[in-house]
Each structure stands twice: as C-alpha cells, then as structure tokens.
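Descriptive analysis of the structure
Next come the chains, spelled out residue by residue.
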2 protein chains.
Amino acid sequence: MCSVQSTCRCPRHTVIFLRFRRNIQYHTHIMETLIQPRILKGFRDFLPEAEIARTALIEKLTETFRAFGFVPIDTPVLEYADILLRKSSGETEKQVFRFTDNGGRDVALRFDLTVPFARFAAMHKDELYVPFKRYHIAKVWRGEKPQAGRYREFMQCDFDSVGSDSAASDFDILLLMKTALANIGADAVTIRVNHRGVFNRFLSRIGAREHSEEILRTVDKLAKIGADEVKAQLAAITQSEQKASDILTYIAGGARFSDTLALMQELAGGPAEDTQRLAELYAMMRETGIEQTFVLDPSITRGLDYYTGIVYETFLNDLPSIGSVCSGGRYDNLAGLYMKEKLSGVGSSIGLDRLIAALEELGSLKTKKSYLDAEILCLDASLAVHYQKTAAQLRALGISCEVFPDAKKTGQQYAYAEKKGIPYAVLIQKPDAEADRMSVKSLETRAQTDDLTAAEAAALIRGGA
Amino acid sequence: MCSVQSTCRCPRHTVIFLRFRRNIQYHTHIMETLIQPRILKGFRDFLPEAEIARTALIEKLTETFRAFGFVPIDTPVLEYADILLRKSSGETEKQVFRFTDNGGRDVALRFDLTVPFARFAAMHKDELYVPFKRYHIAKVWRGEKPQAGRYREFMQCDFDSVGSDSAASDFDILLLMKTALANIGADAVTIRVNHRGVFNRFLSRIGAREHSEEILRTVDKLAKIGADEVKAQLAAITQSEQKASDILTYIAGGARFSDTLALMQELAGGPAEDTQRLAELYAMMRETGIEQTFVLDPSITRGLDYYTGIVYETFLNDLPSIGSVCSGGRYDNLAGLYMKEKLSGVGSSIGLDRLIAALEELGSLKTKKSYLDAEILCLDASLAVHYQKTAAQLRALGISCEVFPDAKKTGQQYAYAEKKGIPYAVLIQKPDAEADRMSVKSLETRAQTDDLTAAEAAALIRGGA
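Residues numbered from 1 in each chain as written. Chains lettered and ligands numbered in written order. Predicted model: local features only at pLDDT ≥ 70, side-chain atom pairs only at ≥ 80, totals over all residues. Heavy atoms only, no water.

Topic: the state of the cysteines
Residues and elements named next belong to chain B. Using the criterion set out here, one finds zero disulfides over all chains in the structure. Summary of cysteine pairing: cysteine 157 is not part of a disulfide, and the nearest cysteine sulfur, belonging to cysteine 326, is at 7.7 Å. Cysteine 378 takes part in no disulfide bond, and the closest cysteine sulfur to it belongs to cysteine 401, at a distance of 14 Å. (Disulfide = S-S within 2.5 Å.)

Below, the structure is given as structure tokens:
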C-alpha cells in the first residue's frame, strides 16, 4: 500500500495532510487552543442554496454556448507575472495578487480571463483551428477595496470568436448574448451597439482624431455630468465650439437604428466598410426577429483604444441602474503581446456576480435547497437495511432519494426534509417492509398514500414532481 | 456611461484592464518586444478536447451526487495561512503556495478541500442542518516536484456526510463511490474496506497498542517489502515474534467478507460495536446486490490516527497498479481545530486527474471535439443573412449548429467541420435560399439529401445523431 500512500492525491492520503491532521489532534486534544474560523475580506463562502443558484445559472449559460458551437478551455489560476502584466504598470500592481513562489518565480493570480486567453492562443496557435470559438467560466482575483457587489474573488464568463473578421462572427456573439441572457431569466434586455471605426472616421473628418482618447473619455461622462459640461470640455479639447457640437450631434444619434446609422454615415463622410458592417448586422437582426433588443448608440465607446470594430453594452430593462451586465467588442490583435501574428476576434463577457445580484433583486433568480425528490424516513432502526434496499429500488426507477440515517423523532426528520426542500417522504414500518410496500407523503399538501409498490411510489412522486 | 466604466467587472471594462491593454498596444506596436508565451511547471492548459472530457466526467459525478442527496458548496481558493496550516508544520510550508498579500495578510492557496470544509462547517454551524452532505469539486494547489501524473494545480472531488455516526451514513458513501465510478465508466472496481476500531482492539489485546502508529506504518509496506521483512520489523517493534505473526495473521484475513470478519472479531476478542458495524454494512451490500464490489481487507489502514471508523480504498480491476482512485473513511472530529463541538462524519475523495489518466489508458475516456450537430457552410457570401436565419430555425428545432463565417473554399470549411467533429453539414445555394430549402450532408458517410425544409433537415440530423 505504500505506493498508494505516497502517490495518491486525495486529501485523506498525503503526508502533508496527515502531518497536518496530527497537528489538529495535538492542538485540540492536548492544548485545546482553537483558531477562530474566518475568511479573507472580499472573499465568500457559498452555502448550498446560493451555490445551487449559481451552478444553475452557469449550467444554463454553458448549454447555450455549446449549442452555438463554442467549446470550453481551461488555463492555470497562477501564471508568470510578466505574462499577466508588464512590470511597468504600477496601477496593476496594487490590484493583483502577486508573489514569489517557493521556487523563486515571480507569479500572480489571473485578474481576468482575456489575458490568459491571449497567452493560450499564442502558445497553442498550431493546435487551434480558426475561427476558434471558446467559452471560459472561472474565478479571477483582484485586490480591490471590497464594497457592495464588489469582491476580491469573483467569477467571470467570457466567450470569444477569433480568426474571422466578418459580420457573421459579430452577429454570432450578439445573438449569443441575447440568447444566453434570456435562457437565465434575463429576457428583457437592451443591447447598445456602436462601431469604433465610424466614430474614428467622423473625428478625422472634423479634424479632431488626434484628440480621440480625450474625446472618448469625455463622451463617456455624458450620463454623469450632462451635455452642457461635456460640450464645454469638448470645446476645450478641440479648441472649437463647432466641433464640440458636431460631436454631440453625432453622439445623440437618431430615433431608430436606421436613422442613427444614416446620421452616423453622413457625419462620418459617407458609406464605408464600417457602416456596411452595421447595416449587415441590422439585416441579420431583422431576419432573425431580434432587432427590438438592439439599439444603435453612438455614445457607447468602451473606453480606450483596444477595440477596433463593433462595441456593445447590455442593460437590464427593469434594472438599468446596475450598469452593463454583458459587454465587449471586436479587437484586431488579441495576442500581440505574445506573437507577431495578428489574431482578430470579437468577444463578450458576462459579469456573473453582478448579474446574479440583479436577478435576485428582480426576483427572477431560481434556486432550491437540494436536488432530491424524496426522503426515506428512518421510522424503525431495525429496518435500516431494508431502507437501503428501497432507496436502491427508487433510484433505479429514476427517483433522487436518500435514507435518513438515524431513528430520530419523526418530527425532526420532517423538519430536516423541509430544510432540504424535499417534496416527498417515504414511510415504511415493519408490516410494510414485510409486504414490500411503502407509504408516500407529500410534505407540501401533507396528503399520504399507503400500500404502494416501489413502482407505484415512483410514479406518484414523478407525477407530483 | 462612466458609472458603468467604473463599476463593471468584465475584463473589457476596468481601468486595470484598459491600462494593461494600452501597454500591449504600446509594447507591440512601438517596441515590438514579444513575451515568450509559457506556463508554470506543474500547471496545465486544457485544450477543448481535454476540457470537454474532464467536464463530462465532472457532470456525471455531479449528477450522481445530487441523486444521492448531496449538495454543493464553494469556498475561497485563498485563505488565511493560520486557518489552512499551523505555523509549526514545517513540512507543509514547502508544499503550500503561501505569501503576504498587499494588505500584509499571511495567506495561502488551499492544498485540499477538507481543511476548508472543516473551517466552513465550524463557521456556518448554526446555518447548517445535520446530517449535512456536501460535495465539492474544485482545484487545489501544492508546490510538489512535478512528475508523471503529478501536478501543482489539480482537481479534487470530495464528498462527505457529517453529523451522523451510523451504518446508513457509512453505506451512503460506499454505495455512492461505487455508483459514481460506474457512471463515469469505471465499473470494474474493487473497494477494499476495513475498520480502524477492530484493529485497535486487536492491538490492545495482544498488548501492542502503544506501538500502533509504527505498526500501521510497517503494515502499510506489506505490498512493497513483502511479508518476511514486515514480520521482522514488527518483531523488532513489538519485541515479540509471537505478536509479529499474530499481526500478520490478522492482516492476512480470510477468503470471503464473512470469513475475514469472523477472524478479525475472534482475534480482537469478540464482537463489539465496530464488528457490528461491519456486519451491518455487509448486510446492506448484499441487500442491494453490490457485495461483489467490496472486499474486507484488514491490511487497509490509511496511515495515521485521523480515522476512527471504517476506512477504504478503491482500485480499478484492470489497472490496480495506479493505486487507489477513491479513498476515505470515518472521522470523529472534523472541525476540532476551529470549534469545541465534535463533528463526526464519513467522507471520500476521488483523485480526478489520476482517474482521468487511468480511464485514458484503459480507453474508456469518452470525449468529443465540440457539442455541435451541424455546420451551416458559407457557400455564397451574399447569403450571409439567410444563413443566420436558417441557424435560428434549426436551433429552434433543437439542433446545435453554427454558421461558418467566411466564404472560404468548401474544402476548408469541411476540414474545419471535421476538426470540430461535427456530424452534418448544411448546404444552401441561392436557389435553395429562394425556395427556403436546404441540403444536409453527413460528413461521415458523405451521403447528401437535397431539397429539405428546416423541419425535414432537423429530423434527418436528429435521426442520425
């Protein structure tokens, strides 16, 4: 067995673990010193009900990604620090969990799923086909100041399609965003779309392209500081009242998608690939009957210079105040940090924790306390073996069930079943056992049906479930 | 939009990310310095095929745990170091990823799922009901020397039932082990069970209890160094040839479960709770028809003093050499480090990475390259919008499909579909589009059926899938 001892990785095996256990024995039974159980600020435990809700959401999203041809990948939680961030970026330092490992390596916990994907794409470029469509739902870490809805350990859900710069790829992501959100109960959403290319053409035309970054940042403040203040700032940046008002006219857009597109095209100096792309996407939205979900919004800029094509943000119609729950855009150089080849793509990311908080607030977060259909009560300790046999029979008939392990008061067993949200109790006394019969009681209606075979019990439970 | 910018957590949003992106732009487009993409020793990327296989396994296991009444929980990957390990344990230090975070806290990555579960149970004891049955499938980290089948980042799968010291709870775990492994294709397994209590009674009776630890460690070496050497070492430890041979007789056991149990009971000085427990478990195994899977093996000791009741290890009949793939036992004080209340329980842990390696070696690891039923080829760029409409129709009919985004050579599109393991291609030329018809081609048989409605195409694809 020694080979097992030394190689098995299960926690009950390894030397490290057993040594640790010995310490517990020692400290608790001899010194009686207790450690206060606690977790780090900004980190969370998930109790069953919360974890079941989160899992259900993730399973629905996964199912949708798969149906659209996206495949899963996984990357290490820990990477070389120089892969995740340049030494130069002082801002980053403060937020990233970075340290020197026992081997003297400079390592860090990933702070998003995009940088690891870029590294992954460069490292495995010869093994991958294009278009490569991947989804990745996993934890990331940032040492930010914890606050409401902000955590240091949180989950991200990314999906990207790289290797094709086509309207089809853009639409693939846009439709997937709408479908995935609808499948998890967020069906009333508005996806605000824009195209960086058109805006850049427009800025060049009015001779303000060299200020694009400042302008983008100023325009971003529209909702916060209002049009007048933005206009004043734009005038200061561009040294021109005219340019400032032109920019605001552009940003304002029109009534419907087509109006806005016409206005953008005109102000940008006529049709081009970028406006063609928007027109094609709109045609696809209409063909598939989802155009109501989308708004062409020239004020959506998505910050700095990373994006080169369409950009988008998603707002819940019933709770827009929480901000975008799903955003992204098209980029033309995913892995430029790691390889010479340019890899263009389009992707989106769902802020899962924020979305869960929102769905909870809207009362549309589904959860349950367990996955069980029935609890087999322990009414007679001498029937312990028979109860196990019954559980096996019911499971074979497709019923999720468990045996209550101890002959506690029936009231306690019912209370337990309710804490676990189990709809049915199976009752078996000695005479039932001898006749191979059972009673089934609905814990909701309290209605009880006696003298059932396993098949009849299963049918009754399935019928009610 | 500024509020969005500053609060949204998606990787395409935050300042940290955008600053970082700016660096990429800067470094790649101006300095042209590339970082060699690489990952840390002992860490792994999972490409789609490997990740799909691992996910399928995890989904099957999860399904089984749920059907047995186990519920999921989650805990942080990062915890206070003093929670995960005592400063005193020097051995542990070397293996754990431990560091001081930016807030000056002494933190570490979890090295198993049992210690966090103990902390969790103590911290939430008032919110939990007993018996509390939880499963937790997640990554853990150990800075051990990487070697074949050994990684620094690997996945563990734990399931425990705490709060009841009953044969029913023990059996719950044993049956779940067998069922879960069978459900992932490991149906030919032998689960070797023993009871620490009987062995301790036996040692007390022959007056060797004070050497139990040494004896356990020596007995553990039986398979490795052979009976004679073990006997010699036992004689040295117990200062008695007689005791040494008694121990070997005990360890040898009998032919069948009942014979071995009778022998153990006799050598331990008669029946007691521990032998009763084994007898009851055996009765449950027979009643549910799974006794063939279990062997009562007095040589299974599971190392040091943590376990207090039954212990077990699981071996693949076709590949026993890789060691135990699922092991555990009963303990009487899970959270003794964090609270005064004693919490007894029984649990098991699957070494997922080892199991996957084994199933691969046995050729029983199922995987695929994507989850798609069909690829809609792009045969005519002018039909891009129509292809999207067709995809929507087919998805509404339950077909997982995607549109190839670019009008590349048909050969390239077929090659892509094969790389993704997609069984069917949907072909639509202009005349088909105008008649709202399509052709479906099996990429396996190359058989093509023309002039189909969406419903007919879906039926054909479903029929073949």
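So that's the structure; there's more coming.
Here's the deal with the environment of valine 115 of chain B
Inspection of the secondary structure assignment puts valine 115 of chain B in helix H6 (residues 114-123). Through-space distance from the C-alpha of valine 115 of chain B to that of alanine 433 of chain B is 61 Å; in sequence the pair is 318 residues apart. (Helix = DSSP H or I, 4+ residues; strand = E, 2+ residues; numbered from the N terminus.)

Remarks on the pairing of strand S7 (residues 189-195) of chain A
All names here are of chain A. Judged by how many residues are buried, S7 sits mostly within the fold: six of seven residues are covered. Direction of pairing for S7 relative to strand S9 (residues 307-316): antiparallel, over a ladder of seven bridges. Bridging from a neighbouring strand, histidine 195 pairs with isoleucine 310 of S9. As paired elements, S7 and strand S8 (residues 294-296) share three bridges and run parallel to each other. Note that in S8 the partner of isoleucine 191 across the bridge is phenylalanine 294. (Buried < 20%, exposed > 50% of the residue type's maximum accessible area, 1.4 Å probe, protein only. Pairing = 2+ DSSP bridges.)

A few points about the packing of aromatic side chains
Counted under the stated rule, the structure contains 23 aromatic pairs over all chains. Here the aromatic rings of phenylalanine 202 of chain B and tyrosine 250 of chain B are separated by 4.5 Å at their centres, their planes lie at 10 degrees, and the arrangement is stacked. Linking phenylalanine 202 of chain B in helix H8 (residues 196-205) with tyrosine 250 of chain B in helix H12 (residues 241-252), this pair joins segments that are 48 residues apart in sequence. Each member of the pair phenylalanine 202 of chain B and tyrosine 250 of chain B is classed as buried. Chaining the aromatic ring pairs together yields one cluster made of Phe117, Tyr129 and Phe132 of chain A together with Phe404 and Tyr416 of chain B. The ring of tyrosine 80 of chain B is capped by arginine 38 of chain A, whose NZ or CZ atom sits 4.2 Å from the centre of that ring. Sitting over the ring of phenylalanine 46 of chain A, arginine 54 of chain A keeps its end group 3.7 Å from the ring centre. (Phe/Tyr/Trp six-rings, centres within 6.5 Å; stacked < 30°, edge-to-face > 60°. Lys NZ or Arg CZ within 6 Å of the ring centre and 35° of its normal.)

Some remarks on the sheet that holds strand S9 (residues 307-316) of chain B
Residues and elements named next belong to chain B. Sheet architecture is open: eight strands sit in the order S1-S5-S6-S11-S10-S9-S7-S8, paired in mixed fashion. The open sheet has two edge strands, strand S1 (71-72) and strand S8 (294-296), and neither has a second partner. Across two bridges, S1 lies against strand S5 (residues 132-141) in parallel orientation. Within the sheet, the bridge partner assigned to valine 71 lies in S5 and is arginine 134. Contacting strand S7 (189-195) and S8, helix H13 (residues 257-268) crosses the sheet at an angle of about 25 degrees to S8. (Contact = heavy atoms within 4.5 Å. Axes fitted to C-alpha atoms, helices over the stretch in contact; angles between N-to-C directions.)

Some points on the layout of surface pockets
What the largest pocket holds in volume is close to 1,300 Å³. Along the wall of the largest pocket there are 42 residues; nearest its centre are Ile58 and Ile137 of chain A together with Ile58, Ile137 and Met155 of chain B. Going through the elements one at a time, helix H3 (48-67) and strand S5 (132-141) of chain A together with helix H3 (48-67) and S5 of chain B are the ones with two or more residues in the lining of the largest pocket. Among the elements that make up the lining of the largest pocket, the one with the highest residue count is H3 of chain B (10 residues). (1 Å grid on protein atoms, 1.4 Å probe; cavity = no way out; pocket = protein on both sides within 12 Å on 5 of 7 lines; lining within 4 Å. Points joined across faces, edges and corners; volume = space filled by probe spheres on them.)

Concerning the sheet that holds S8 of chain A
Residues and elements named next belong to chain A. Spatially, S1-S5-S6-S11-S10-S9-S7-S8 is the arrangement adopted by the eight strands of the open sheet, whose pairing is mixed. What marks the edges here is a single partner per strand, and that holds for strand S1 (71-72) and S8. Helix H13 (residues 257-268) contacts S7 and S8 of the sheet and is inclined by roughly 25 degrees relative to S8. Where helix H15 (residues 352-361) meets the sheet, it contacts S5, strand S6 (153-162), S9 and strand S11 (345-351), and its direction lies at approximately 50 degrees from that of S11.

Structural notes on helix H7 (residues 167-183) of chain A
Residue and element names in this part refer to chain A. For H7, with 17 residues, the first-to-last C-alpha span of 24 Å sits near the 24 Å given by 1.5 Å per residue. For H7, the tally of buried residues reaches 14 of 17 residues, placing the bulk of the element in the interior. Looking one or two residues beyond H7, the residue adopting positive phi is glycine 185, at roughly 95 degrees. (Expected span 1.5 Å × (residues − 1).)

Side note on unusual backbone geometry
Residue and element names in this part refer to chain A. With an omega of -5 degrees, the peptide bond running from valine 130 to proline 131 counts as cis. You can see proline 131 is positioned in the loop between helix H6 (114-123) and S5. You will see that aspartate 436, though not glycine, has its phi angle at about 55 degrees, which is positive. In this fold, aspartate 436 is placed in the loop between helix H18 (430-435) and strand S15 (438-442).

Some thoughts on the side chain of arginine 277 of chain A
All names here are of chain A. Of note, arginine 277 is situated in helix H14 (residues 273-287). Polar contacts involving the side chain of arginine 277 include one to the main-chain carbonyl oxygen of serine 166, which spans 3.4 Å. Side chain to side chain, arginine 277 and aspartate 170 meet in a polar contact 2.6 Å long. In contact with arginine 277, other than residues within four places in its own chain, are Asp165, Ser166, Ala167, Asp170, His195 and Arg330. (Polar contact = N/O pair within 3.5 Å; in protein donor to acceptor, adjacent residues only side chain to side chain.)

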